[in-house]
Amino acid sequence: MTTQALLIIDVQKAIDDPKWGRRGQPGAEAAIARLLAAWRERRLPVIHIRHDSTDPQSPYRPGTDGNDFKPEAEPQLGEPVVDKRTNNAFIGTDLMDVLDELQVRSLVIAGVLLENSVDATVRMASNLGFEVTIPEDAVASIDRKDRNGKVWSAEDVHALSLAILDGEYARISMTDAIIETLP
């Protein structure tokens, strides 16, 4: 059986900064907390991704409160934390080494923002041969304005992002369904 790891991306206090605008999926952190509890109860691997922005204006900048993990996603002793500086958790990090050491070939990827760091990491993981599952209720999106000035709601951004990833790069599921399949 393939070892399945839970990868939690950028669930840091910075995501609550007003600079992001309106966010959808208000229950994402609660779903992430349920996933974490299930993984920990079964002693399955959990990997936390922390965004350490190099932008001096970013709320994700190291040394700021925004860089801290949200309480719902706080790492426990022994759970690897991978620090990244780009939207892709594989680029310039030791994530692949961590996954190899844990003998992981299957990932459940949760976190923020679905249309940014989650998407970039999911695509790379799939291209590297990992089996990827996204719990649609444990990822969040924000309102986005396109190049023509149209504002797309976080809910529409979320739905379209999942539709694009579904089947091509990942399997889309729900937190409770994923937990039910755990050993």
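Up top is the structure these notes are about.
Residues numbered from 1 in each chain as written. Predicted model: local features only at pLDDT ≥ 70, side-chain atom pairs only at ≥ 80, totals over all residues. Heavy atoms only, no water.

Q: Hey, could you go over the pairing of strand β3 (residues 81–84) for me, with residue numbers and the actual values?
A: Here β3 shows a buried face lined by V82 and K84 and an unburied face lined by V81 and D83. Both strand β2 (residues 46–51) and β3 contribute to a ladder of four bridges, which runs parallel. Residue pairing in the sheet places R50 in a bridge with D83 of β3. (Buried < 20%, exposed > 50% of the residue type's maximum accessible area, 1.4 Å probe, protein only. Helix = DSSP H or I, 4+ residues; strand = E, 2+ residues; numbered from the N terminus. Pairing = 2+ DSSP bridges.)

Q: Summarise a negative patch on the surface; cite the residues concerned and give the values.
A: On the surface, a cluster of negative charge is made up of D94, D97, D100 and E101. Turning to its location among the elements, D100 is positioned in helix α2 (residues 95–101). (Patch = residues over 30% accessible without salt bridge, like charges linked within 9 Å, V, L, I, M, F, W, Y side chains within 5 Å. Areas by Shrake-Rupley, 256 points an atom, 1.4 Å probe, with all protein chains shown as cover. Salt bridge = Lys/Arg side-chain N within 4 Å of Asp/Glu carboxyl O. Lys, Arg positive; Asp, Glu negative; His and termini not counted. Charge placed at Lys NZ, Arg CZ, Asp CG, Glu CD.)

Q: Go over helix α1 (residues 28–41), please, and point to the residues and values.
A: The end-to-end C-alpha distance of α1, which contains 14 residues, comes to 20 Å, matching closely the 20 Å that a straight helix rising 1.5 Å per residue would cover. Among the residues of α1, A28, E29, A31, I32, L35, L36, A38 and W39 are the ones counted as buried. On its buried side, α1 packs onto β1 (3–9), β2, β4 (104–112), β5 (131–135), β6 (139–140) and α5 (175–180). (Expected span 1.5 Å × (residues − 1). Contact = heavy atoms within 4.5 Å.)

Q: How would you explain the environment of E168 if you had to name every residue and give the values?
A: The residue E168 is located in the loop between α4 (154–165) and β9 (171–173) in this model. On the accessibility criterion, E168 (56% relative accessible area) is exposed. Along the chain, E168 and N127 lie 41 residues apart, while their C-alpha atoms are 10.0 Å from each other.

Q: Go over unusual backbone geometry with me, naming the residues and quoting the values.
A: With an omega dihedral of -20°, the bond running from V112 to L113 counts as a cis peptide bond. Structurally, L113 is set in the loop between β4 and α3 (114–127). Of note, Q25 is a non-glycine position whose phi angle comes to about 50°, a positive value. A positive phi is found at Q103, a non-glycine position, where the angle reads about 55°. Assignment of secondary structure puts Q103 in the loop between α2 and β4.

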